[in-house]
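Here is how the chains run, residue by residue.
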Amino acid sequence: MSIDDLIADFSFLDDWEERYRYVIELGRELEPLSAEEHSPENKVQGCVSQVWLVTEPRMEADGTHLVFRGDSDAHIVRGLIAILLRMYSGRTPAEILAVDAKDIMAKLGLNEHLSPQRSNGLYSMVGRIQRDARTASAAAHG
C-alpha cells in the first residue's frame, strides 16, 4: 500500500475515532521484531512509549534502498510506525530525505489529533529514519 492509498483510505473515514481505530489496525499488521531486535541500539530516543526501529540496507540495481521494521509497546504508536514504514521503507536514501512527513501527516489529518508528546515521538522516529538515510547516503558516496 502506497502513501497515496493510505491518504485515500483516511479520506473515507468520517471522524477521528474511525481514523484512530484504523491507525491501531495498521499497527497490528506490523511484522514482529525478535527479542534481539528490541535492543538499546534500535530504541528510538525522544518517544514517551518504547519504540524500536530496525534499518536494513538492501542493494538494488539502482543503489541502496533502506527497509525499515519497527515495534512499540503502545497500540497507537505501532500504527504510527506502520504509517512511517509506508512513507519510507524500501526507498533510496535520497527519496527518504525528500519526503515531507509533516505534509503527509497533515493530509492524513493526524497533526491536529496527536498529543504534543505523541507528535514529538513521531518526529523523533522521522528524525531517526532521516539520520539513517543520511548515513547510508554518505557511505554510498564515501
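The following refers to the structure shown. Predicted, not measured: the structure shown is a model, and the values here were computed from it.

## Quick look at helix α6 (residues 116-140)
Part 1 of the reasoning: Taking 1.5 Å of rise per residue, 25 residues should cover 36 Å, and α6 covers 36 Å from first to last C-alpha, within 8% of that figure.
Part 2 of the reasoning: Here α6 has its buried residues at S119, G121, L122, M125, V126, R128, I129, D132, A133 and A136.
Part 3 of the reasoning: Close packing links the buried residues of α6 with β1 (51-60), β2 (63-72), α3 (75-88), α4 (93-98) and α5 (101-108).

## Some remarks on the nonpolar core
Most often, soluble globular proteins keep nonpolar side chains buried together rather than apart.
Part 1 of the reasoning: Residues I83, M87, Y88 and M125 are the most contacted members of the largest nonpolar core, which totals 41 residues.
Part 2 of the reasoning: Residue assignment for this core shows that the elements contributing at least two residues are α1 (3-12), α2 (16-28), β1, β2, α3, α5 and α6.
Part 3 of the reasoning: Among the elements that line this core, the one with the most residues is α3, at 10 residues.
Part 4 of the reasoning: In contact with M87, not counting residues within four places along its chain, are I3, V99, A101, I104 and M105.

## A short note on the pattern of salt bridges
Part 1 of the reasoning: Scanning the entire structure with this criterion turns up 10 salt bridges.
Part 2 of the reasoning: For D103, the salt bridge goes to K107, with nearest N and O atoms at 3.3 Å. You can see D103 and its partner K107 sitting in helix α5, four residues apart, about one turn around the helix.

## A look at the packing of aromatic side chains
Given two aromatic rings, their pairing is described by the distance between the two centres and the angle made by the two planes.
Part 1 of the reasoning: The tally for this structure, following the rule as stated, stands at two aromatic pairs.
Part 2 of the reasoning: Summarising the aromatic geometry, the rings of W16 and Y20 are spaced 5.9 Å apart at their centres and angled 65° between planes, so their arrangement reads as edge-to-face. Here Y20 and W16 lie together in helix α2, a separation of four residues that amounts to about one turn.
Part 3 of the reasoning: When its relative accessible area of 31% is taken as the criterion, Y20 is described as partly exposed.
Part 4 of the reasoning: Seen from the ring of Y123, K102 lies directly overhead, with NZ or CZ sitting 5.2 Å from the centre.

Rules behind the numbers
For every chain, the first residue of the written sequence is number 1, and numbering continues from 1 onward in sequence order. Restriction of local features to residues with pLDDT of at least 70 applies here, the model being predicted, together with a cutoff of 80 or more for giving and counting side-chain atom pairs; totals for whole chains, interfaces and linings are based on all residues. Hydrogens and waters are ignored; side-chain quantities use all the structure's heavy atoms. For helices the rule is a DSSP run of H or I covering at least 4 residues; for strands it is a run of E covering at least 2, with both sets numbered from the N terminus onward. The span you would expect from a helix comes to 1.5 Å times its residue count less one. Buried residues are those whose accessible area, probed at 1.4 Å on protein chains only, stays under 20% of the maximum for their type, while exposed residues exceed 50% and partly exposed ones sit between those limits. We call two residues in contact whenever any of their non-hydrogen atoms come within 4.5 Å of each other. We define the nonpolar core as a collection of buried residues of types Ala, Val, Leu, Ile, Met, Phe, Trp, Tyr and Cys that are connected through side-chain atoms lying within 4.5 Å of one another. Think of a salt bridge as a Lys or Arg side-chain nitrogen and an Asp or Glu carboxyl oxygen that are within 4 Å of each other. Two rings belonging to Phe, Tyr or Trp (six-membered ring only in the last case) form a pair when the distance between their centres is within 6.5 Å. Interplanar angles under 30 degrees mark stacking, angles over 60 mark edge-to-face geometry, and anything in between is tilted. We count a charge as sitting over a ring when the NZ of a lysine or the CZ of an arginine lies within 6 Å of the ring centre and within 35 degrees of the ring normal.

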